Amino acid sequence: MNHPKDDNFKITSQNGWTLLIDSRFSLPQTIEQLIPDFSALPDNFQKVDSSVFAQVFKYCIKNQNSQCSIYLKRFLDRSLLDKLKHIFRPSRAQRSFTGSMILKNNGFDCPEIIALGLKKKNFITSDSFITTLEVENSVDLYNFFHNYNNGLKYKRDFLRTLGRIIGKMHAAGIFHGDL
């Protein structure tokens, strides 16, 4: 199985899952401690709005002596074709992990990845997820533009800054179709 590479991650397998986990975080005894039964989530898991092709949850974990807010994104299949593509190319979770590492290695800020989980069945990814640390003091863009009276000049300045960042990404050879 091809895995994205990063020196800070350890690989382990458990109960059919392959897990890459940031070595700065203590490894859970069982994969179920990181990935709950999605049909019966613990009370500390808060569902977050997302696309119909993903499930996103926010929850807190204790790591060493501190509490961390974590986001878990479970990637759902968009179609049968989407599932079959995973025979020939990495899963969406793997591509998300790789993309984040590319951004990080080129000096761009992005949510810090804690773990990548993959479950395969007959060479096809049957389930996958990625977990990230919460970006502190961040503001949701929808709320930023619709719920704050920042004025047109502020919004134009934001868009100019965003354009410069995208230009720097392109100059570094990083392109993303969703932009």
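Residues numbered from 1 in each chain as written. Predicted model: local features only at pLDDT ≥ 70, side-chain atom pairs only at ≥ 80, totals over all residues. Heavy atoms only, no water.

Student: Before we move on, can you summarise the side chain of aspartate 127 with the specific residues and values?
Tutor: Among the secondary structure elements, aspartate 127 is positioned in strand 7 (residues 124-133). Exposure remark for aspartate 127: the relative accessible area of 13% places this residue in the buried category. A polar contact of 3.0 Å, which involves the side chain of aspartate 127, links it to the side chain of arginine 74. (Helix = DSSP H or I, 4+ residues; strand = E, 2+ residues; numbered from the N terminus. Buried < 20%, exposed > 50% of the residue type's maximum accessible area, 1.4 Å probe, protein only. Polar contact = N/O pair within 3.5 Å; in protein donor to acceptor, adjacent residues only side chain to side chain.)

Student: Could you give an account of the confidence of the model for the chain, naming the residues involved and the relevant values?
Tutor: Averaged over every residue, the pLDDT of the chain is 80; the share at 70 or more is 82%. For the chain, helix 3 (residues 141-147) is the element with the lowest average pLDDT, namely 70, and helix 2 (residues 92-105) is the one with the highest, namely 90. (pLDDT = per-residue confidence, 0-100.)

Student: Which residues make up a nonpolar patch on the surface, and what values do they have?
Tutor: Side chains of Leu80, Leu84, Ile87 and Phe88 sit close together on the surface and give an oily, nonpolar patch of about 460 Å² of accessible area. Within the secondary structure, isoleucine 87 sits in the loop between helix 1 (80-85) and helix 2. With relative accessibility at 42%, the residue isoleucine 87 sits in the partly exposed group. (Patch = residues over 30% accessible without salt bridge, like charges linked within 9 Å, V, L, I, M, F, W, Y side chains within 5 Å. Areas by Shrake-Rupley, 256 points an atom, 1.4 Å probe, with all protein chains shown as cover. Salt bridge = Lys/Arg side-chain N within 4 Å of Asp/Glu carboxyl O.)

Student: Please give an account of the pattern of salt bridges that cites residues and values.
Tutor: When the charged atoms of two side chains with opposite charge come close together, those side chains can pair. All chains considered together, the criterion is met by three salt bridges. The residue arginine 74 makes a salt bridge to aspartate 127 at a minimum N-O spacing of 3.0 Å. Placement of arginine 74 in strand 5 (residues 66-75) and of aspartate 127 in strand 7 is noted, with a sequence separation of 53 residues between them. There is no split in this pair, since arginine 74 and aspartate 127 are both buried. A salt bridge links arginine 160 to aspartate 157, with the shortest nitrogen-to-oxygen separation between them at 3.0 Å. Pair noted here: arginine 160 and aspartate 157 are both in helix 4 (residues 151-171), with a separation of three residues, about one helical turn. Taking the relative accessible area as the measure of exposure, aspartate 157 reaches 30% and is therefore partly exposed.

Student: Now, about empty space enclosed by the protein: what can you tell me, with residues and values included?
Tutor: Under the definition given, this model contains two cavities of 30 Å³ or more. Contributing elements (two or more residues each) for the lining of the largest cavity: helix 2 and strand 7. Counting residues per element, the lining of the largest cavity draws most heavily on strand 7, which supplies four residues. Of the voids in this model, the second largest cavity is the one considered here, and its volume is about 40 Å³. Contributing to the lining of the second largest cavity are Phe9, Asp22, Arg24, Met101, Lys104, Cys110, Pro111, Glu112 and Ile113. Looking at the lining of the second largest cavity, its residues break down into five nonpolar, no polar and four charged. (1 Å grid on protein atoms, 1.4 Å probe; cavity = no way out; pocket = protein on both sides within 12 Å on 5 of 7 lines; lining within 4 Å. Points joined across faces, edges and corners; volume = space filled by probe spheres on them. Nonpolar A, V, L, I, M, F, W, Y, C, P; charged D, E, K, R; others polar.)

Student: Can you explain the layout of surface pockets? Please cite residues and give values.
Tutor: One number sums up the size of the largest pocket: a volume of about 2500 Å³. Taken together, 44 residues make up the lining of the largest pocket; nearest its centre are Ser100, Leu103, Cys110, Pro111 and His176. Of all elements in the fold, only strand 4 (54-63), strand 5, helix 2, strand 7 and helix 4 reach the threshold of two or more residues within the lining of the largest pocket. When residues of the lining of the largest pocket are assigned to their parent elements, the largest contribution, eight residues, is made by helix 2. Grouping the constituent residues of the lining of the largest pocket by class yields 25 nonpolar, 10 polar and nine charged.

Student: Please provide a residue-by-residue account of the nonpolar core, values included.
Tutor: Proteins that are soluble and globular tend to have nonpolar side chains buried together. Counting 14 residues, the largest nonpolar core has Ile70, Ile114, Ala115, Phe129 and Leu133 as its most contacted members. Apart from the residues within four sequence positions on either side, leucine 133 is in contact with Phe25, Cys68, Ser69, Ile70, Pro111, Glu112 and Ile114. Counting 10 residues, the second largest nonpolar core, distinct from the first, contains Phe9, Phe75, Met101 and Ile113. (Core = buried A, V, L, I, M, F, W, Y, C linked by side-chain atoms within 4.5 Å. Contact = heavy atoms within 4.5 Å.)

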